[in-house]
Amino acid sequence: MAQEVHVQVRQISASTSECTARQHKALSDRPAAKGGADRGPMGGEMLLMGLGGCFMSNLLAAVRAREAAVSDISIDLSATLAEAPARFSAVRLVISGNYPDRAEMEKLVTIAERGCIVANTIKDAVRLSFEIV
């Protein structure tokens, strides 16, 4: 039987939505310059946050499972906007942290990329690139 992931999104003001996943809540909104109240990230920003969070979760699990000497990981994501229709055409993830062995870090990044549900879902529609610094 296929598993499902369920979230709820409900309007709470003219431009703001409350997003709920399990017991966790986040607000989504448009910036004031786009007619919103700027009470939270836009959906596209949340997509990038979701990709970064999913990838980081898998990377930390791979580090932990291999007892790798990797710490202080951070990921900066940037997306290229395309038009007609409006979408991301490419997303770049720049991964940094403390690691003594670059080859091991590259392997861990590959493992995390392959295990990330969000990356696997969007990789045929969006060009993803992963860079270790």
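Residues numbered from 1 in each chain as written. Predicted model: local features only at pLDDT ≥ 70, side-chain atom pairs only at ≥ 80, totals over all residues. Heavy atoms only, no water.

Caption draft 1: Fine view of the sheet that holds strand β3 (residues 24-28). The three strands lie next to each other as β1-β2-β3, forming an open sheet whose pairing is antiparallel. The two strands at the open ends of the sheet, each matched to only one other strand, are β1 (8-11) and β3. The mean inter-strand angle of the sheet, taken between neighbouring strand axes irrespective of direction, is 25°. (Pairing = 2+ DSSP bridges. Helix = DSSP H or I, 4+ residues; strand = E, 2+ residues; numbered from the N terminus. Axes fitted to C-alpha atoms, helices over the stretch in contact; angles between N-to-C directions.)

Caption draft 2: Examining the pattern of salt bridges more closely. What the rule picks out here adds up to four salt bridges. For E18, the salt bridge identified is with R10, shortest N-O distance 3.2 Å. With a relative accessible area of 15%, E18 lands in the buried category. Take R10: its relative accessible area is 48%, and that puts it in the partly exposed class. In this structure, the salt-bridge partner of E106 is R102, at a minimum N-O distance of 3.1 Å. Residue E106 and its partner R102 are located together in helix α2 (residues 102-115), separated by four residues, close to a single helical turn. R102 gets classed as partly exposed once you look at its relative accessible area, which sits at 40%. (Salt bridge = Lys/Arg side-chain N within 4 Å of Asp/Glu carboxyl O. Buried < 20%, exposed > 50% of the residue type's maximum accessible area, 1.4 Å probe, protein only.)

Caption draft 3: Structural view of unusual backbone geometry. A cis amide bond links A84 with the next residue in sequence, P85, at an omega value of 0°. You can see P85 is positioned in the loop between β4 (71-82) and β5 (87-98). Of note, D38 is a non-glycine position whose phi angle comes to about 55°, a positive value. By secondary structure assignment, the location of D38 is in the loop between β3 and α1 (43-66).

Caption draft 4: Looking closely at the packing of α1 against α2. At their nearest, the axes of α1 and α2 sit 8 Å apart, and the two run at 130° to each other. Comparing the axis directions of α1 and α2 gives the class oblique. In terms of crossing hand, the pair formed by α1 and α2 is right-handed. Across the interface between the two elements, F55, N58, L59, A62, V63 and R66 from α1 touch M105, L108, V109, I111, A112, E113 and G115 from α2. (Parallel < 35°, antiparallel > 145°, perpendicular 65-115°, else oblique. Left-handed = near helix turned anticlockwise from the far one by under 90°. Contact = heavy atoms within 4.5 Å.)

Caption draft 5: A look at the environment of M42. Inspection of the secondary structure assignment puts M42 in the loop between β3 and α1. It is 24 Å that separates the C-alpha atoms of M42 and N58, two residues lying 16 residues apart in sequence. Discounting chain neighbours no more than four positions away, the residues touching M42 are S28, D29, R30, P31 and K34.

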